[in-house]
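Now for the letters of each chain:
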Amino acid sequence: MKRTNGKVDHITASVIHGALENIAVEMGYKLMRMSYSSIIRESEDFGAALVDSEGRGLAESAQSTPLQSGPIPGYVRGALRALADRDETVNPGDVIMHNDAYAGASHGPDVAFIVPVFHEDELIAFATTTAHHLDIGALTPGSCGIVDAIDAYAEGLQFKAIKVYDAGKKVAPVWHLLRDNIRVSNLVVGDMEAQIAAARFGAEQLANLIERYGQPTFDAACAAVMDYSERLMRQAIAALPDGSYRATTYIDGYLDDPEPARRELPIMVTITIAGDQMTVDLTGTAAQVSDRPINMPLEGTVDIAIWLTVRSVLLDTAIHGHIPVNDGLVRPIHIVVPERCLANPEFPAPTIARFCPGNQLADTVMKALAQVAPTRVSAGVGNLRVIAFSGLQNSEHWVHMEIFEGSYGGRYGKDGMDAVDTLYANTRNNPIEDIESHLPLRVRRYELRENAYGAGEWRGGLGSIREFEYLSDGAAAVEGEGHKFPPWGFDGGKDGQVAGLQLVRIDGSRQDLPSKVPHTALKAGDRFICVGPAGGGYGDPFKRNPELVLDDVVDGVISPESAMRDFGVVISKDLVLDQSATAVLRDSRAS
Amino acid sequence: MDVGGTFTDFVVTNTESRETGVHKVPTTPDDPSQGVITGLKEMCEHFDINAGDVHHILHGTTIATNAVLEYDGARTGLITTEGYRDILHIGRHQRPQHYSIMQDIPWQDRPLVRRAQRLTVPERMVPPNGEVLVPLDENAVRVASRQLKSDGVDSIAVCFLFSYLNPMHEERAREIIEAEHPDCFVTTSASVSPQFREFERFTTAAMNAFIGPKVRTYVNELESTLAAQGFCSAELHLMSSNGGVATAQMVAERPVITLLSGPTAGVMGGKLSGELLDRQNLITFDVGGTSADIGLIVNGTYSEASARDTWIGGYPVMAPTIDINTIGAGGGSIAYIDGGGAFRVGPESAGAHPGPAAYGHGGDRPTVTDAHLVLGRLLQGNFLGGEMNLDLAAAIGVIDGLARQLQLDREEAAEGIITVVNANMANAIRSRTVQKGHDPREFSLVAFGGAGPLHGVEVARILGIPEVIIPPYPGITSAVGLLTTDLKYDAIRTEFQTSVQINSDRLSNDFNRMQAELASQFEKGGLNEHDVTYTRSGDLRYIGQGYELRVPFADGPLDETILAEVFQAFETIHIREYGHVFEQSPIEIVNIRLTGSRRMAKIKLRPGEAKPGATLSAFEERPCFFRVDDSLQALDTPLYQREQLATGHRVTGPVIIVQKDTTIAVPPGASATADASNNLLIDTGV
């Protein structure tokens with residue numbers, strides 16, 4: 001059926017747009033508050049968004065993490081393709097479960113629940129939630145640190161557009177299958193129910209909105225808001241000089257692997273600006289690693305990483321205010337990736353541990369943009385690590401996933417952000433008082449890392465040190481990046497510092513671990529010391545305002561010796577700045 | 001007396017004769033107490049009141065709030081558990097904005113305590129009961145106190161992990177600091193907010209420390225000035241964010257409890273209007289120049305914000321706070337076409353200076369106020385009680401500029417501004433009601449603040465709300481609200497008890513202990529504990545969830561029946577708020593709460609009088625623009641003064657009603673009736 005094209009005035013468009021965002025926010029609110037596992041409700045690793053019948057994003061929830069909401073339109077398109085291939089139709093009352101990393105999903109543990117919205121018997125839109133689930137039935141407990149999965153089948157259950165409600169009726173066998181094949185299934189199934197309740201709420205609100213304005217006006221308003229975001233992005237791109245800008249960074253891969261093809265893998269980004277369009281070409285990036293899960297789904301991870309950085313730099317919220325996130329925003333950005341590349345793998349290459357490589361890609365995009373928008377970027381960003389803590393208590397699993405923060409590089413006129421989640425991830429840590437009250441774990445330390453920084457006129461952000469001790473026997477698995485290559489310095493700034501991870505056993509032995517560790521058994525009393533990366537410096541450190549260097553020394557984040565060596569600033573033992581000695585020292589280096 | 005951004009408002013009431021008078025003076029931002037004292041003196045003269053006859057002085061102040069927003073507080077130190085020096089700095093490791101490289105992080109860029117003054121001492125407690133793992137190193141506390149003293153610190157927050165389970169170490173550290181540094185303002189995290197989540201609790205304590213000395217000085221000086229002015233028998237109470245008031249002494253110790261007192265008083269004032277009309281479900285809608293504050297009253301009581309939802313100046317605060325949603329939409333909100341060609345209104349506001357173009361102070365961008373003036377809904381000569389003449393030509397000028405960009409008529413453009421700002425306000429209200437599982441159609445909207453009564457009916461109609469209530473003094477509803485409060489203190493304790501394994505003795509004991517704590521607070525204020533009523537509640541969630549729902553607990557011993565009722569009530573609230581219930585999942589009691597309140601004398605207005613046979617005649621009739629049957633029309637609209645409407649008078653829209661501090665728009669299809677309660681009741685016609 002052909003839909004009529006409506007027209008919409010500015011005022012109605014603004015009103016409908018406000019209502020769309022409101023609905024997405026409400027969905028996120030309900031999901032976050034209802035959900036069980038800390039990865040969703042504390043880390044906020046979930047998404048909520050509205051998508052039109054063609055799979056174009058209309059609005060996303062403000063609280064959700066970019067790597068969750070961003071892929072939702074892709075999930076919907078992928079699920080629709082899968083249904084069409086099987087000649088299945090979408091009906092009122094359906095709820096569709098999807099997590100196919102080769103059909104829009106970000107990776108297997110991020111499961112979408114898609115609820116269609118009908119108006120006068122016609123499919124108009126979808127309300128969809130995604131969330132990172134604690135376990136999805138992979139080879140080892142948890143859904144992080146499955147770094148030794150050899151293919152997509154080893155990563156856990158694959159849902160390719162599975163109806164869990166069919167025309168309103170619960171499809172019981174699917175739910176039995178879920179309960180029987182997923183660890184900590186009470187939590188996981190509870191979270192799935194929460195996702196469905198939130199998506200249904202959004203669908204109902206959206207149906208009311210369409211009812212109120214009529215489908216032609218609604219469609220026209222959606223088209224208007226997408227066009228609007230597209231215009232903003234085109235204007236921002238057009239303001240940059242035409243040309244090609246290339247950058248390369250490296251991920252660790254498997255640092256302890258005998259196979260060189262799995263170690264030290266390049267990510268190469270070439271950005272070409274031509275008028276109001278941008279092409280992001282990943283040619284030169286490493287080939288896929290066919291039997292290790294650090295490959296990145298092109299749709300769902302790679303695209304999100306690229307869009308995230310481009311919009312954070314060109315349409316920075318702190319400068320441009322709130323910009324509606326929808327399909328229009330990404331129309332001017334073309335992505336080119338060779339096949340069977342780390343960023344465009346071929347099924348069944350595994351992808352479950354794509355989190356940190358994808359964030360490194362986001363950082364590499366910034367490194368390329370730095371050449372053309374130097375005052376709007378940060379220097380190299382410190383990447384993240386995730387540890388899946390687990391164990392058995394009374395034959396029941398417990399699983400806890402904790403994301404370990406990175407830090408930002410220095411920025412034009414500002415130091416980098418310290419100890420935060422970075423780029424496409426923006427989750428939250430779990431309160432120590434919550435962890436220790438509910439899990440056999442103790443957090444023994446949580447502080448800034450001292451005397452490790454990317455020197456610059458604007459210093460890179462500081463890393464953190466966090467220490468976890470097991471109070472009963474258990475296990476851990478680790479996926480992360482940034483143990484080998486420090487965040488890049490920019491415009492005369494020095495590189496930052498690499499991250500590290502130590503395992504201290506109860507017997508006192510110490511072991512430096514690489515950034516990826518498959519499931520490893522641990523004893524009560526064993527502990528991890530997780531040392532976070534420090535962001536790269538921005539600009540010549542010898543031009544840093546000496547007062548700021550003094551502040552850092554007074555605050556105990558750098559030593560007086562480092563101040564002299566790295567910044568050319570002379571500070572006495574009793575913490576007084578010696579202006580004249582500083583001037584002499586700085587001049588001597590200049591000449 | 002309520003200190004606002006522009007004016008300090010006064011309401012005086014004689015609770016026996018029910019005589020009530022109002023007064024207004026300009027706020028003196030540099031020293032708000034000046035305006036307060038001037039206004040009090042003027043008011044006493046005007047109403048012929050003897051200062052010595054005043055029994056209660058209730059005060060709404062923004063002194064604490066402004067200290068946070070302007071980042072102008074004490075030089076503050078922190079003493080915390082060794083190994084956790086930077087909890088305040090790392091926070092929840094989340095960036096405030098997803099899509100921004102150049103953003104600031106408030107707790108890193110504007111630290112309440114800089115790192116040099118964040119010192120650690122050996123000590124550590126562990127759950128479940130606050131067992132001591134590492135004893136407190138008292139000497140280390142002594143050394144840290146001395147160092148902070150020599151650094152010039154005059155306020156210290158003591159923040160230890162798990163202190164909410166066992167405050168012993170924090171209390172001992174407080175004693176040591178007070179001995180070492182007697183002039184220092186000392187705050188412990190468990191005394192300010194004894195609940196789990198260390199970043200939020202430590203931040204709340206650090207904020208209390210940061211604003212403490214300033215608030216203490218303000219309160220002490222105000223008390224002594226009042227005494228010097230002859231208010232010798234008056235008790236001074238200050239509005240706190242929990243909907244009650246606190247003694248001056250309590251506020252001087254715990255200023256964080258006043259951080260949201262301004263909008264809270266407004267909700268209380270709106271609640272009074274609803275009570276007088278016997279309305280149980282109210283949405284309070286307080287619209288000023290830059291923002292609209294939305295409060296919710298269900299079954300006669302306001303709800304409290306969840307501990308995780310209160311932020312001020314970008315910092316989280318865990319202090320009992322009534323649930324108020326503030327959005328950037330008000331009379332000064334600026335309308336514009338942005339770079340992408342979208343039409344927006346707010347959140348940027350022209351503020352008081354330069355203000356809307358119509359103020360004639362150089363504002364050159366179209367605002368909501370300009371739009372009302374162009375549409376004829378505001379009178380040039382009746383703004384702020386005639387103290388300001390609005391400049392129609394200037395308003396027309398800026399609206400015409402926007403109209404050209406939008407390719408609309410002047411009035412269509414002006415109405416577009418109102419439409420968009422009303423939609424924004426309605427969205428915010430829809431969030432607060434639908435989000436909590438309430439149907440807005442079952443509510444009355446109480447519209448006040450300078451601009452609320454202009455928007456009330458149209459916003460109500462968007463939401464299907466049948467009735468709008470305009471209080472007697474819409475511009476000073478907050479000051480009226482102060483006169484409706486009780487003295488109210490809260491206690492809280494984290495339990496982490498589950499429905500499958502519950503220790504009801506421990507729960508009962510904890511409730512008793514909390515009651516003893518509150519009783520001693522009331523007694524400190526010189527009050528008899530017997531006049532206090534206590535209300536129990538708890539924060540519950542399914543085990544594993546991270547957000548709690550507030551559930552009432554019955555009085556008496558907590559036997560199985562009562563607990564079963566509590567868990568049942570939790571599920572009912574869960575399904576109402578989220579539309580879902582997790583069958584047979586165990587439930588966790590995270591916190592228990594006790595509120596003590598002691599009744600205070602309250603404002604009682606004299607009932608309005610009917611004037612039988614009096615005819616009502618408009619003092620003016622003029623064309624105003626309203627939308628009828630989808631077209632914008634200039635309708636002949638009668639204008640009345642609010643005082644003209646005696647009890648029982650009813651007028652049918654279109655009508656404009658003016659009064660000293662606001663203008664009320666009654667559009668076609670709506671009708672307004674003056675009620676004996678002094679409220680104006682508008683039937684919105686939906």
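### A short note on the overall build of chain A
Right, on to step 1. Counting its regular elements, chain A contains 15 helices and 20 strands.
Right, on to step 2. Each principal axis of the C-alpha distribution contributes one length, and for chain A these read about 80 × 60 × 40 Å.
Right, on to step 3. Counting only residues that meet the buried cut, chain A has 62% of its 591 residues in that class.
Right, on to step 4. For chain A, the share of sequence-separated contacts (at least 6 apart) that also reach a separation of at least 24 residues comes to 73%.

### Description of the overall build of chain B
Right, on to step 1. Secondary structure summary: chain B contains 17 helices and 33 strands in total.
Right, on to step 2. Here the C-alpha atoms of chain B give a radius of gyration of 26 Å, agreeing with the 26 Å that 2.2 N^0.38 yields for 686 residues.
Right, on to step 3. Out of the 686 residues belonging to chain B, those deemed buried represent 56%.
Right, on to step 4. If you take every contact in chain B between residues at least 6 apart in sequence, the share linking residues at least 24 apart comes to 67%.

### A word on the domain arrangement of chain B
Residues and elements named next belong to chain B.
Right, on to step 1. Domain boundaries assigned for chain B yield domain 1 (73–211) and domain 2 (487–598).
Right, on to step 2. Look at where the C-alpha atoms of domain 1 and domain 2 centre, and you get two points 27 Å apart.
Right, on to step 3. Contact with domain 1, which involves six residues of that partner, is made by five residues of domain 2.
Right, on to step 4. For the side of domain 1 that touches domain 2, the per-class residue count stands at five nonpolar, one polar and no charged.

### Focus: the interface of chain A and chain B
When the parts come together, some accessible area is lost, and that loss is often what is quoted as the size of the interface.
Right, on to step 1. Listed by partner, the interface residues are 67 residues for chain A and 59 residues for chain B.
Right, on to step 2. Secondary structure elements with two or more residues in the side of chain A that touches chain B: α1 (10–34), α2 (38–41), α6 (185–213), α7 (215–238), α8 (298–314), α9 (317–320), α12 (432–438) and β14 (441–448) of chain A.
Right, on to step 3. Per-element accounting of the side of chain A that touches chain B gives the leading share, twelve residues, to α1 of chain A.
Right, on to step 4. Residue composition of the side of chain A that touches chain B, grouped by class: 26 nonpolar, 18 polar and 23 charged.

### Concerning helix α14 (residues 560–567) of chain A
Residues and elements named next belong to chain A.
Right, on to step 1. Looking at α14, one finds that the buried residues are Ala563, Asp566 and Phe567. For α14, the angular spread of buried residues about the axis comes to 95 degrees, placing them on one side.
Right, on to step 2. Of the surrounding secondary structure, the elements contacted by the buried residues of α14 are α13 (546–554).

### Thoughts on the packing of α6 of chain A against α7 of chain A
All names here are of chain A.
Right, on to step 1. α7 packs onto α6 with a crossing angle of 110 degrees between their chain directions and a minimal axis gap of 6 Å. With respect to α7, the element α6 is oriented roughly perpendicular. Touching Leu209, Ile210 and Tyr213 of α6 are Gln215, Thr217 and Phe218, all from α7.
Right, on to step 2. Residue composition of the contact of α6 with α7, by class: four nonpolar, two polar and no charged.

### As for the domain arrangement of chain A
Right, on to step 1. The assigned domain composition of chain A is domain 1 (10–229), domain 2 (378–538) and domain 3 (546–590).
Right, on to step 2. In this structure, domain 1 of chain A and domain 3 of chain A have C-alpha centres spaced 53 Å apart.

### Quick word on the nonpolar core
Right, on to step 1. Counting residues in hydrophobic clusters, the biggest one holds 391 residues, and the most contacted among them are Leu50 and Val365 of chain A together with Ile156, Ala206, Leu445 and Val666 of chain B.
Right, on to step 2. Broken down by element, this core gets its largest block of residues, 14 residues, from α1 of chain A.
Right, on to step 3. Look past the residues within four positions of Val666 of chain B in its chain and what remains in contact with it is Val457, Val651, Gly653, Pro654, Val655, Ile657, Ser671, Ala672 and Ile682 of chain B.

### Examining the packing of α1 of chain A against helix α13 (residues 410–434) of chain B
Right, on to step 1. Contact pair α1 of chain A / α13 of chain B: the axes reach a minimum separation of 9 Å and the direction vectors enclose 15 degrees. With respect to each other, α1 of chain A and α13 of chain B are oriented roughly parallel. Our pair here, α1 of chain A against α13 of chain B, has a crossing hand that is right-handed. Counted together, Ile11, Ser14, Val15, Gly18, Ala19, Asn22 and Glu26 of chain A of α1 of chain A and Gly416, Thr419, Val420, Ala423, Asn424, Asn427, Arg430 and Ser431 of chain B of α13 of chain B form the full contact between these two elements.

### Considerations on unusual backbone geometry
Right, on to step 1. Cis geometry marks the peptide bond from Phe347 of chain A to Pro348 of chain A, where omega comes out at 5 degrees.
Right, on to step 2. By secondary structure assignment, the location of Pro348 of chain A is in the loop between β11 (333–336) and α11 (355–369).
Right, on to step 3. With an omega of 5 degrees, the peptide bond between Gly653 of chain B and Pro654 of chain B qualifies as cis.
Right, on to step 4. Counting through the fold element by element, Pro654 of chain B comes out in the loop between β29 (650–652) and β30 (655–659).
Right, on to step 5. One non-glycine residue with positive phi stands out, namely Arg18 of chain B, at about 65 degrees.
Right, on to step 6. With respect to the helices and strands, the residue Arg18 of chain B is situated in the loop between β2 (7–13) and β3 (20–26).
Right, on to step 7. A positive phi is found at Tyr71 of chain B, a non-glycine position, where the angle reads about 55 degrees.

### Focus on the confidence of the model for chain B
Right, on to step 1. Looking at chain B as a whole, its pLDDT mean stands at 91, while 99% of the residues score no less than 70.
Right, on to step 2. Of the two predicted TM-score estimates for the complex, the pTM is 0.92 and the ipTM is 0.95.

### Quick notes on the sheet that holds β14 of chain A
Residue and element names in this part refer to chain A.
Right, on to step 1. Strand order in this open sheet of five strands is β14-β15-β20-β17-β18, and the pairing throughout is antiparallel. Each end of this open sheet is capped by a strand with a single partner; those strands are β14 and β18 (510–512). Neighbouring strand axes in the sheet, compared pairwise and without regard to direction, differ in orientation by 15 degrees on average.
Right, on to step 2. Pairing between β14 and strand β15 (residues 464–470): seven bridges, direction antiparallel. Bridge pairing links Val443 to Phe468 in β15.

### Overview of the sheet that holds strand β1 (residues 2–3) of chain B
All names here are of chain B.
Right, on to step 1. Strand order across the open sheet formed by three strands is β1-β2-β3, with antiparallel pairing between neighbours. Looking at the sheet topology across the chains shown, the edges are occupied by β1 and β3.
Right, on to step 2. Examined bridge by bridge, β1 and β2 share two bridges and lie antiparallel to one another. Residue pairing across strands places Val3 opposite Thr8, the latter belonging to β2.

### A word on the environment of Ala161 of chain A
Residue and element names in this part refer to chain A.
Right, on to step 1. Relative to the helices and strands, Ala161 is located in the loop between β5 (122–132) and β6 (162–166).
Right, on to step 2. By the C-beta count within 10 Å, which is 26 here, Ala161 ends up buried.
Right, on to step 3. Non-local contacts of Ala161, meaning those with residues more than four positions away in its chain, are made with Ala79, Ala82, Leu83, Ile96 and His98.

### Re the pairing of strand β25 (residues 549–553) of chain B
Right, on to step 1. Residue alternation in β25 of chain B divides its side chains into a buried set, Leu549, Val551 and Phe553 of chain B, and an unburied set, Arg550 and Pro552 of chain B.
Right, on to step 2. Adjacent in sequence and paired antiparallel, strand β24 (residues 532–542) of chain B and β25 of chain B are bridged by six residues, among which Gly544 of chain B carries a positive phi angle near 110 degrees.

### As for the pairing of strand β10 (residues 277–281) of chain A
Each regular strand shows side chains that alternate between the opposite faces of the sheet.
Residues and elements named next belong to chain A.
Right, on to step 1. Covered by surrounding structure in β10 are Met278 and Val280 only, the residues Gln277, Thr279 and Asp281 on the alternate face being uncovered.
Right, on to step 2. In terms of strand pairing, strand β9 (residues 263–274) meets β10 through five bridges, oriented antiparallel. From the neighbouring strand, Thr270 faces β10, where its bridge partner is Asp281.
Right, on to step 3. Hairpin connection between β9 and β10: a loop of two residues separates the two successive antiparallel strands, and Gly275 in this loop has a positive phi of roughly 65 degrees.

### Describing the environment of Ser185 of chain A
All names here are of chain A.
Right, on to step 1. Mapping Ser185 onto the fold places it in helix α6.
Right, on to step 2. Residue classification places Ser185 among the partly exposed residues on the basis of 18 C-beta atoms within 10 Å.
Right, on to step 3. For Ser185, the contacting residues outside a window of four places in its chain are Leu178 and Arg179.

Cut-offs used in this document
Residues numbered from 1 in each chain as written. Chains lettered and ligands numbered in written order. Predicted model: local features only at pLDDT ≥ 70, side-chain atom pairs only at ≥ 80, totals over all residues. Helix = DSSP H or I, 4+ residues; strand = E, 2+ residues; numbered from the N terminus. Buried ≥ 20, exposed ≤ 12 C-beta atoms within 10 Å, placed from the backbone. Contact = placed C-beta atoms within 7 Å. Rg over C-alpha atoms; globule rule 2.2 N^0.38 Å. Domains from an automatic or database assignment. Nonpolar A, V, L, I, M, F, W, Y, C, P; charged D, E, K, R; others polar. Arc of directions from axis to C-beta. Axes fitted to C-alpha atoms, helices over the stretch in contact; angles between N-to-C directions. Parallel < 35°, antiparallel > 145°, perpendicular 65-115°, else oblique. Core = buried A, V, L, I, M, F, W, Y, C linked by C-beta atoms within 7 Å. Left-handed = near helix turned anticlockwise from the far one by under 90°. pLDDT = per-residue confidence, 0-100. Pairing = 2+ DSSP bridges.

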